Amino acid sequence: MKRQLSWVCAVSLAAMFVILLFHWDGLHPSKIRLSLLIYNKEEKDNPLYKLDVGWPKNADYFTGVTFGVAVDPTNSLVYVAQRGENVSKVLVFTEEGYFKQQWNTDSIDMPHGIFAVSTDKEHSIWITDVGQGNFGHTVKKYSPSGKLLQVLGTAGKSGSALDPLQFDQPAEIFVENSGDLYIVDGDGGLNNRILKFTKDFWLLWTLGGRGTKPGQFFIPHSVTVDEVGRVWVADRGNKRMQAFDKTSGEWIGTWSSCFTEDGPYSVRLTADKQYFVVAQLNINRVLFLSVPPIGSIGDCHVASAIQMADGVKPHLVDVNINTGSMYVAEIGAQQVQKYIMVKN
């Protein structure tokens, strides 16, 4: 009984603290949407991230459904891709949470994935467009201010052709520092493939096809490249992640045991390269999976997790490689939230 009373008291005190925080900051609970963090004992004792409740400074700038987020670590900027009628498709915030600008472009039908290139030679933003309009089924490169610079694919026409290049609802893009591009295509369309291009947009290899065999996909949704040259694909519909050699495209292995409840929607590396950050939309969870050493990838291991409130629906994530901060685009909560690395 004493243990039960202690638990009730702790919950009550926490609730009072949250209410006081809202009033102290001049905010009403109905004006702010927070993800509920639930840890098991092991994760509570040693969490990897904690929520930054002060980011952004004003959540009212999220006027659409937030599908993607990308970080420019050099300029400390965060780009948010959102959907909706009469809303700006891209919002830009500072890492401190201040609203900076919105793009006034009409060249995006329906954004899905977004990626920020931030090197000594280039600063640009890539967006995958899954729309059915005149600009859809493309992967587009923009300047940081929203000027259209490059279009990959045949605008407004879905397909599987390589010459001329066509996509069908391309889900996401990852760009290495060398300029090589990896595109997962597509988000429920005809194609279930990954394509690799040079920085000059020459096709190096493509692999996939719908199926459950090694090297096949069902709704490939996200892609990243690790430090030892492995390409990791979130094979969402098959509830697994697959790894490939980035030079040859050769299949290396598959992880599936971590995804029995829901498939992986996104995959990114933490700043220290020790963990993969993987969102699971349908069960409102973000996993942190240990990155395997070079050689056989073995099976996946969950190092930690963030369990969010029902209905949050984390979709795609990105990480600032300089500060370690993680950003999660949540299509259910219609917001992006920032998480800070916990220094143990």
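By the naming in an unreviewed UniProt entry, the protein chain goes by NHL repeat-containing protein 3 and is assigned to Xenopus tropicalis.

The next point concerns the pattern of salt bridges. Using the criterion set out here, one finds 12 salt bridges in the structure. Connected through shared salt-bridge partners, E172, R268 and D318 make up one network.

On to the sheet that holds strand β21 (residues 302-307), then. Spatially, the four strands line up as an open sheet ordered β18-β19-β20-β21, and their pairing is antiparallel. Here the strands that pair on one side only, and so sit at the sheet edges, are β18 (268-269) and β21. In this sheet, strand β19 (residues 275-280) lies alongside β18 in antiparallel orientation, the contact comprising two bridges. Its bridge partner lying in β19, L269 is registered against F276.

Evaluated as defined, the whole model comprises one disulfide. Between the sulfur of C258 and that of C300 lies a disulfide, 2.3 Å long from S to S. In this structure, the disulfide formed by C258 and C300 twists by about 125° around the S-S bond and is classed as right-handed. Residue C258 is found in the loop between β17 (251-255) and β18, and its partner C300 is found in the loop between β20 (285-290) and β21; the two are separated by 42 residues along the sequence. Judged on exposure class, the residue C258 and its partner C300 are both buried.

A word on the packing of aromatic side chains. Here the structure, examined in full by the defined rule, presents 16 aromatic pairs. With centroids separated by 5.1 Å and ring planes inclined at 70°, the aromatic side chains of W55 and Y327 adopt a geometry described as edge-to-face. Linking W55 in the loop between β1 (49-51) and β2 (65-72) with Y327 in strand β23 (residues 326-330), this pair joins segments that are 272 residues apart in sequence. Relative accessible area serves as the criterion here: at 4%, W55 is assigned to the buried category.

Here the amide bond leading from W55 into P56 is cis, since omega sits at -10°, within 30 degrees of zero. With an omega dihedral of 20°, the bond running from D185 to G186 counts as a cis peptide bond. Inspection of the secondary structure puts G186 in the loop between β11 (181-185) and β12 (193-197). Positive phi is not limited to glycine here, since S76 has a value of about 55°. Summarising the element assignment, S76 is placed in the loop between β2 and β3 (77-83).

Glancing now at the nonpolar core. Counting 26 residues, the largest nonpolar core has W126, I173, I194, V223, V231 and V233 as its most contacted members. Mapped by element, the contributors of at least two residues to this core are β6 (111-118), β10 (170-175), β11, β12, β13 (203-208), β14 (220-225) and β15 (230-235). Leaving out residues up to four positions away in the same chain, V223 has contacts with E172, I173, F174, Y182, V184, I194, V231, W232, V233, V267 and R268. Of all hydrophobic cores here, the second largest spans 18 residues; its members include L48, F288, V312 and M326.

Bringing the sheet that holds β13 into the picture now. Strand order in this open sheet of four strands is β10-β11-β12-β13, and the pairing throughout is antiparallel. Lying at the two open borders of the sheet, with one neighbouring strand each, are β10 and β13. Strand-to-strand, the axes of this sheet are offset by a mean angle of 15°, without reference to chain direction.

Of note, D245 is situated in strand β16 (residues 240-245). Put simply, D245 and V231 are 14 residues apart on the chain and 6.1 Å apart in space, counted from C-alpha to C-alpha. Residues in contact with D245, not counting those within four places in the same chain, are W205, G229, E250 and I252. Within the structure, the side chain of D245 is placed 2.8 Å from the backbone nitrogen of S248, a separation counted as a polar contact.

Cut-offs used in this document
Residues numbered from 1 in each chain as written. Predicted model: local features only at pLDDT ≥ 70, side-chain atom pairs only at ≥ 80, totals over all residues. Heavy atoms only, no water. Salt bridge = Lys/Arg side-chain N within 4 Å of Asp/Glu carboxyl O. Pairing = 2+ DSSP bridges. Helix = DSSP H or I, 4+ residues; strand = E, 2+ residues; numbered from the N terminus. Disulfide = S-S within 2.5 Å. Buried < 20%, exposed > 50% of the residue type's maximum accessible area, 1.4 Å probe, protein only. Phe/Tyr/Trp six-rings, centres within 6.5 Å; stacked < 30°, edge-to-face > 60°. Core = buried A, V, L, I, M, F, W, Y, C linked by side-chain atoms within 4.5 Å. Contact = heavy atoms within 4.5 Å. Axes fitted to C-alpha atoms, helices over the stretch in contact; angles between N-to-C directions. Polar contact = N/O pair within 3.5 Å; in protein donor to acceptor, adjacent residues only side chain to side chain.

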